[in-house]
Amino acid sequence: MRAVVTGYGKYLPENIVTNKKLEETLDTNDQWIRERTGIIERHIAAEGEYTSHLASKAGAQALQTAGISPEDVDMIILATATPDETFPSSSTRVQHALGCKNACAMDLQAACSGFVYSMAVADGFIRSGQKKTILVIGAETMSRVVNWQDRGTCILFGDGAGAVLVQAQDAKDEQGRERGILSSHLAADGAYADILKTDGGVSSTQKSGVLSMEGQEVFRHAVSKMSTSAAQSLENLGLTIADIDWLVPHQANARILTACAKKLNIPEEKIIMNVAHSANTSSASIPLALAQACLDGKIKNGDLVVCPALGAGLTWGTCIIRW
């Protein structure tokens, strides 16, 4: 049995902060931000709008596109680095909001790699026969942990949520190829934990803290590790770069995405990129991009979709899906 993607959903808060708006409070300008990041605007959660709210809306859309009742879901995995509270887990808030009364629920924290890690967990539960229908969500309110006076970081991030529903199926495409999650390649190296972090936490400071980043170091690791992970994952499956229909990387910034594609020798027209209008939404970025690509009619059944990511930790990995 494979974990086949049968539904998708997305949600972006209504409040949009453009680069022009940031010019009012930061020593920056629209052209500078566009040239260095490819970002034009980002969505920011409203006061009283939490990560679980975003996740619930994306999850509800995924259930709708799959045509699945909430009662049929037997597991919810929420990838997030910005939960509503330290506990309970935000996934339980989502479970209740959606009415998935038969589902167990868990949060998974791997920063920007969270969705890839969550898909690996979902794949394992389905392959082992323990679960049949799993809702995987990436949701973040990154605006709550950025320093809005630091132009080097606050311009990069936004809030949002993306979701996919995966189900146990013995499914093949029109050419007889196995559909679903074909492989997950995960890795981590805590030696680089301090190049991307927050300066707080429950155990250390009793406050969430704000984000700090060594930009050039993160850029270097992102390009190297995401491209290497994607190439290794393909090789393990006996596939090549030419087999890829869509590269859907973590939407960190446009320069990282194009650098990864260049290193992998993938044409830019095969990259799904929505960072311009959503910015870096951490663990939500890949499922947001997947959902948008499906809504736009780009990703179709039978397409080979490669999703690499790198996040704080450092954590990184690649999920390969036959849609």
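Residues numbered from 1 in each chain as written. Predicted model: local features only at pLDDT ≥ 70, side-chain atom pairs only at ≥ 80, totals over all residues. Heavy atoms only, no water.

Peer 1: Honestly, the pairing of strand E12 (residues 304-311) in this entry has me stumped. Any pointers?
Peer 2: Walk down a regular strand and you will see the side chains alternate between the two sheet faces. For E12, a buried count of 8 out of 8 residues is recorded, marking the element as mostly surrounded by other parts of the structure. Of the two faces of E12, the one holding Leu304, Val306, Pro308 and Leu310 and the one holding Val305, Cys307, Ala309 and Gly311 are both buried throughout. Where strand E11 (residues 246-247) lies against E12, 2 bridges are found, and the strand directions are parallel. Across the sheet, the residue bridging to Leu247 is Val306, located in E12. In the sheet, E12 pairs with strand E13 (residues 315-322) via 8 bridges, with the strands oriented antiparallel. Bridging across to E13, Leu310 finds its partner in Trp316. Linkage of E12 to E13, two consecutive antiparallel strands, is achieved through a turn of 3 residues, within which Gly313 is found at a positive phi near 145 degrees. (Buried < 20%, exposed > 50% of the residue type's maximum accessible area, 1.4 Å probe, protein only. Helix = DSSP H or I, 4+ residues; strand = E, 2+ residues; numbered from the N terminus. Pairing = 2+ DSSP bridges.)

Peer 1: Hey, could you run me through unusual backbone geometry in this one?
Peer 2: Peptide bonds are mostly trans, and most non-glycine residues show a negative phi. Following Phe87, the chain continues to Pro88 via a peptide bond in cis, the omega torsion being 10 degrees. Put simply, Gly313 and Leu314 share a cis peptide bond, and its omega is -15 degrees. Mapped onto the fold, Leu314 is located in the loop between E12 and E13. Even without being glycine, Asn265 reaches a positive phi, approximately 60 degrees.

Peer 1: Could you clarify how one ought to interpret helix H2 (residues 30-37) in this entry?
Peer 2: For the α-helix, the turn length of 3.6 residues means that residues three or four positions removed from each other point alike. Listing the buried residues of H2 in full gives Asp30, Ile33 and Thr37. Take H2 and look down its axis: the buried residues cluster within an arc of 75 degrees, on one side only. Seen from the open side of H2, the exposed residues pointing more than 90 degrees away from its buried face are Gln31 and Glu35. At its buried positions, H2 is contacted by helix H1 (19-22), strand E3 (41-43), helix H7 (254-264) and helix H8 (275-278). (Arc of directions from axis to C-beta. Contact = heavy atoms within 4.5 Å.)

Peer 1: Would you take a moment to explain the side chain of Asn274 for this structure?
Peer 2: With respect to the helices and strands, the residue Asn274 is situated in the loop between H7 and H8. Once residues lying within four places of it in the same chain are set aside, the contact partners of Asn274 are Gln251, Leu288 and Ala289.

Peer 1: Explain the layout of surface pockets here, please?
Peer 2: Where empty space is left becomes clear once a probe the size of a water molecule has been rolled over the atoms. In this structure, the largest pocket encloses a volume near 780 Å³. For the lining of the largest pocket, the secondary structure elements donating two or more residues are strand E5 (104-108) and strand E9 (196-198). It is E9 that contributes the most residues to the lining of the largest pocket, 3 residues altogether. Here the lining of the largest pocket is built from residues that sort into 13 nonpolar, 14 polar and 6 charged. When its volume is computed, the second largest pocket comes out at roughly 480 Å³. In terms of lining, the second largest pocket is formed by 23 residues, of which the most central are Leu156, Met213, Gly215, Phe219 and Asn253. The set of elements that each furnish at least two residues to the lining of the second largest pocket consists of H2, helix H6 (215-236) and H7. Here the lining of the second largest pocket gets 6 residues from one element, more than from any other, and that element is H6. Of the residues in the lining of the second largest pocket, the class split is 14 nonpolar, 7 polar and 2 charged. (1 Å grid on protein atoms, 1.4 Å probe; cavity = no way out; pocket = protein on both sides within 12 Å on 5 of 7 lines; lining within 4 Å. Points joined across faces, edges and corners; volume = space filled by probe spheres on them. Nonpolar A, V, L, I, M, F, W, Y, C, P; charged D, E, K, R; others polar.)

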